[in-house]
Amino acid sequence: MYSDEASVRTLLQKVLSYSQAEQTEVAYLGTESALTRFATNHIHQNVAESNAELRVRAVVGQRTGVAATNRLDDESLRRVTEQALEIARIQPVNPEFHSLPAPQPILPASGYSERTAQFTPEERARQVGIIVGLAKERGLESAGAFSTTVHSTAIANSLGIFAYEPRTEAECHAVVMADERGSGYTQRIATNVSILDFEAMAHEAVEKAQRSRSPIDISLGEYPVVLDAYAVAEMLQNLAFMGFSALAVQEERSFMNGQFGKQLVEPRVTIYDDGHDPSGLPQAFDYEGVPKQRVVMIDHGVANAVVYDSFTAAREGKPNTGHALPAPNSEGPLPLHTMMEAGDASIEELIKGVDRGIYVTRFHYTNTVHPIKTLFTGMTRDGTFLIEHGELTRPVKNLRFTQSILDVLREVQAIGRERVQSAGYMTVVAPALRAARFNFTGITG
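In short, a report on the structure. (Residues numbered from 1 in each chain as written. Predicted model: local features only at pLDDT ≥ 70, side-chain atom pairs only at ≥ 80, totals over all residues. Heavy atoms only, no water.)

**A short note on the packing of aromatic side chains**
Then, in step 1: All chains considered together, the criterion is met by 13 aromatic pairs.
Then, in step 2: Judged by centre distance (6.3 Å) and plane angle (55°), the rings of Y223 and F440 are tilted. On the criterion of sequence distance, the pair formed by Y223 in strand 7 (residues 221-227) and F440 in strand 17 (residues 427-443) is long-range, its members being 217 residues apart. The exposure classification of Y223 matches that of F440, with both residues buried.
Then, in step 3: Through a chain of ring-to-ring contacts, three or more aromatic side chains come together here, namely Y223, F363, F376, F401, F438 and F440.
Then, in step 4: If you follow R211 out to its NZ or CZ, it ends over the ring of F385, 5.7 Å from the centre.
Then, in step 5: One Lys or Arg, R294, reaches over the ring of Y272 and ends 4.2 Å from the middle of that ring. (Phe/Tyr/Trp six-rings, centres within 6.5 Å; stacked < 30°, edge-to-face > 60°. Helix = DSSP H or I, 4+ residues; strand = E, 2+ residues; numbered from the N terminus. Buried < 20%, exposed > 50% of the residue type's maximum accessible area, 1.4 Å probe, protein only. Lys NZ or Arg CZ within 6 Å of the ring centre and 35° of its normal.)

Below is the structure:
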């Protein structure tokens, strides 16, 4: 694996020199990751992996082909370059493809922490021990994982782009079990591992688990809800896939179609993507080497914008916002740093505003039902409680739901002041919120 800018630049320039295509793009995706897993209050696995993938995109007229390898010797580099060209030559012509992007100035992002990069297995074990220790002390059972990762990403193309940045992330999540039905959850992710507060995480999961013992049945139907930050983040990730991509709009499968400039949800709601916001995992450029722009998708409730890559931008004559995924991909551009602006309420204040409703810690196993209607389905998990007269009272058996996300956001009554970054396919930074109604359709058993 190549770990510095000079050696990566040399590697990518070598690949470009091998290519016989009219235009060529080379992406270097290097990863060094280490993971500590624990279950039944014991660490049971400690692994580390180092890998580097090279992806070559060749352009012949209006045909493109992509080939990838993780072998970086000269013979493999020549072969993958030739494969990309061969694939391009047999592809159908795409009359809407114009060109790879040209270079633009890139503003560096603060996405690297030496502390995270140098974090040791012993240090990971000590931090995991905080969660395990509190669970043991309370007679509970913990399971989860704690990882640290260094990403080395570089993009070069034959039009003059060269972009390189190292990034780091530290992520820990845990489930604490109190009995067959009682459980609590915690997760945190950050560029700098020092930011992660393992004492707070341990207490969050343990206290939720203790409160979740012996859950009750409730009548199904619509309830006012307080959605914790994890639940809101899962909801926003689903929303991003449903329609914040320019490709989804161009293919007329987005809930944003025909809505730009209109009041789409409650005016308190602002949702944006910002690769430079330190609340997330900063990233300076996308997987075409284009600088990331801040995009406000929903501005005080108004449908405002979607994100673009070079292809979708050229298709509409719009500016490229720097949101390309590695080629090839069927999703088009995506907002990988989706964030919702915070409000001014504490969790206690959110709960206090509900006379009788449901508190949801997080959603699990969610799936899209209808992207234009923003319907998604799934279940609650790891801390679902009845709210009575402004207080959390009894735990509730986990519930199934089918719900329009926009309907929830149209009826937001208050938004939390604290935001949490959650990890999934993308990272999402979200606050908790209170909404007037949410439709629960079943019990998970």
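Next, the rest of the story.
**Comments concerning the packing of helix 4 (residues 121-137) against helix 5 (residues 198-211)**
Then, in step 1: Orientation of helix 4 relative to helix 5, taken along the N-to-C sense of each, is 30°, at an axis distance of 9 Å. By the angle between their directions, the pair helix 4 and helix 5 is classed as roughly parallel. When you trace helix 4 past helix 5, the crossing you get is right-handed. Contact residues: Q127, I130, I131, L134 and A135 in helix 4; F198, E199, A202, H203 and V206 in helix 5.
Then, in step 2: Classifying every residue of the contact of helix 4 with helix 5 gives seven nonpolar, two polar and one charged. (Axes fitted to C-alpha atoms, helices over the stretch in contact; angles between N-to-C directions. Parallel < 35°, antiparallel > 145°, perpendicular 65-115°, else oblique. Left-handed = near helix turned anticlockwise from the far one by under 90°. Contact = heavy atoms within 4.5 Å. Nonpolar A, V, L, I, M, F, W, Y, C, P; charged D, E, K, R; others polar.)

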